[in-house]
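As a plain string of letters, each chain reads:
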Amino acid sequence: MKKMANLKEFNLIIAGIGGQGNLLASEIIASAAVREGRRVRVGETFGAAQRGGPVASYIRIGSEVYSPILDPGRADLIVGLEPVETLRNTLRFLRPGGGIVMNTRPIVPVEVSMGLQKYPSLEEILEALRRIGAERIIYFDATSEAERLGMAIVMNMIMLGAAAGSGLLPISTEAIRQVITDRLAGPLLELNLKAFELGFEKSRSQ
């Protein structure tokens, strides 16, 4: 975990496609930060279609954060649920030396399916992320891991666990686990905690 004493500003973006569980993940992070007594501001942007369109959540944590609006070049960490959305947000918002945690499973836009555009390869995306100045990039196919657990939608919990395991978040892993436990119950809680721990370990191994 990143040192928390006298934290003035930490900016996180969770970027993905509508329907990937982006908003739940951001709510859990924000609630965990509040649980630890942090000032938090949260904002979202949506593409033309909420489900199937780009979604980005901005979670700003710190004693000198007064607005949910994030200026370009100020993000400390980007958690990308989809590769091109990770790249899109990194290009605009990641500060030099910032970190990235990325799910490598693409969601191919209609324009690509119709042959009107080309979806970049994973190698091209990684090269671009490094060129932009990301200091650390953690990446793996979190959707495949979620499918192996039996429910693809828990990909967001795997990515949440990966963000926690990166050590880049300024909040404790236990606070995040506690918020998940407070929000869910029964078999769904068990599955989501399992997904969170899986992501945590995947991240720690990179």
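Refer to the preceding data block for the structure.
Residues numbered from 1 in each chain as written. Predicted model: local features only at pLDDT ≥ 70, side-chain atom pairs only at ≥ 80, totals over all residues. Heavy atoms only, no water.

*Asks:* Outline the overall build of the chain, supporting the account with residue identities and numerical values.
*Replies:* A tally of helices and strands in the chain yields eight helices and six strands. When the helices and strands of the chain are placed in sequence order, the string is β-α-β-β-β-α-β-α-α-β-α-α-α-α. Taking 2.2 N^0.38 as the reference for a compact globule, 206 residues should give roughly 17 Å; the C-alpha atoms of the chain span a radius of gyration of 16 Å, in line with that estimate. Taking the principal axes of the C-alpha coordinates as reference, the chain spans close to 50 × 40 × 35 Å. Taking all 206 residues of the chain together, the buried fraction comes to 49%. Partitioning the intrachain contacts of the chain with sequence separation of at least 6 by distance along the chain shows that 66% fall at a separation of at least 24. Looking at the chain, you have 24 positive and 22 negative side-chain charges, and the mean spots of the two groups are 4 Å apart. (Helix = DSSP H or I, 4+ residues; strand = E, 2+ residues; numbered from the N terminus. Rg over C-alpha atoms; globule rule 2.2 N^0.38 Å. Buried < 20%, exposed > 50% of the residue type's maximum accessible area, 1.4 Å probe, protein only. Contact = heavy atoms within 4.5 Å. Lys, Arg positive; Asp, Glu negative; His and termini not counted. Charge placed at Lys NZ, Arg CZ, Asp CG, Glu CD.)

*Asks:* Before we move on, could you go through the sheet that holds strand β4 (residues 75–80) and cite the residues and values that matter?
*Replies:* Taken in spatial order, the six strands line up as β2-β3-β1-β4-β5-β6 in an open sheet, and their pairing is mixed. The sheet is open, and its two edges are formed by β2 (40–46) and β6 (136–140), each paired on a single side. Here the average twist between neighbouring strands, direction ignored, is 15°. Note: β2 against strand β3 (residues 54–61), seven bridges, orientation antiparallel. By the bridge assignment for β3, V40 is matched with I61. (Pairing = 2+ DSSP bridges. Axes fitted to C-alpha atoms, helices over the stretch in contact; angles between N-to-C directions.)

*Asks:* I'd like a description of the environment of F200, backed by residues and values.
*Replies:* Counting through the fold element by element, F200 comes out in helix α8 (residues 186–204). In sequence terms F200 and G167 are 33 residues apart; their C-alpha atoms lie 9.7 Å from each other. The contact partners of F200, leaving out residues within four places of it in the chain, are G161, A162, A164, G165 and T173.

*Asks:* How would you sum up the nonpolar core? Please name residues and give values.
*Replies:* Of all hydrophobic cores here, the largest spans 41 residues; its most connected members are L12, V79, L160, L169 and I176. Sort the elements by how many residues they give to this core and helix α6 (residues 155–165) lands first, with eight residues. With 20 residues, the next largest nonpolar core counts I13, L70, I78 and I137 among its residues. (Core = buried A, V, L, I, M, F, W, Y, C linked by side-chain atoms within 4.5 Å.)

*Asks:* Lay out the pairing of strand β5 (residues 94–103) with the relevant residues and their values.
*Replies:* With seven of its ten residues buried, β5 lies for the most part within the structure. Considered for its hand, the β-α-β crossover made up of β4, helix α2 (residues 83–93) and β5 is right-handed. Where β5 lies against β6, five bridges are found, and the strand directions are parallel. Counterpart to N103 in the pairing with β6 is F140. (Right-handed = clockwise from strand over helix to strand, strands pointing away.)

*Asks:* Report on the packing of α6 against α8, specifying residues and quantitative values.
*Replies:* Relative orientation of the contacting elements α6 and α8 amounts to 40°, with a least axis distance of 6 Å. Classified by the angle their axes make, α6 and α8 are oblique. Like other packed secondary-structure pairs, α6 and α8 cross with a definite hand, here right-handed. Residues M157, I158, L160, G161, A162, A164 and G165 of α6 lie in contact with α8, whose contacting residues are N192, A195, F196, L198, G199, F200, S203 and R204. (Parallel < 35°, antiparallel > 145°, perpendicular 65-115°, else oblique. Left-handed = near helix turned anticlockwise from the far one by under 90°.)

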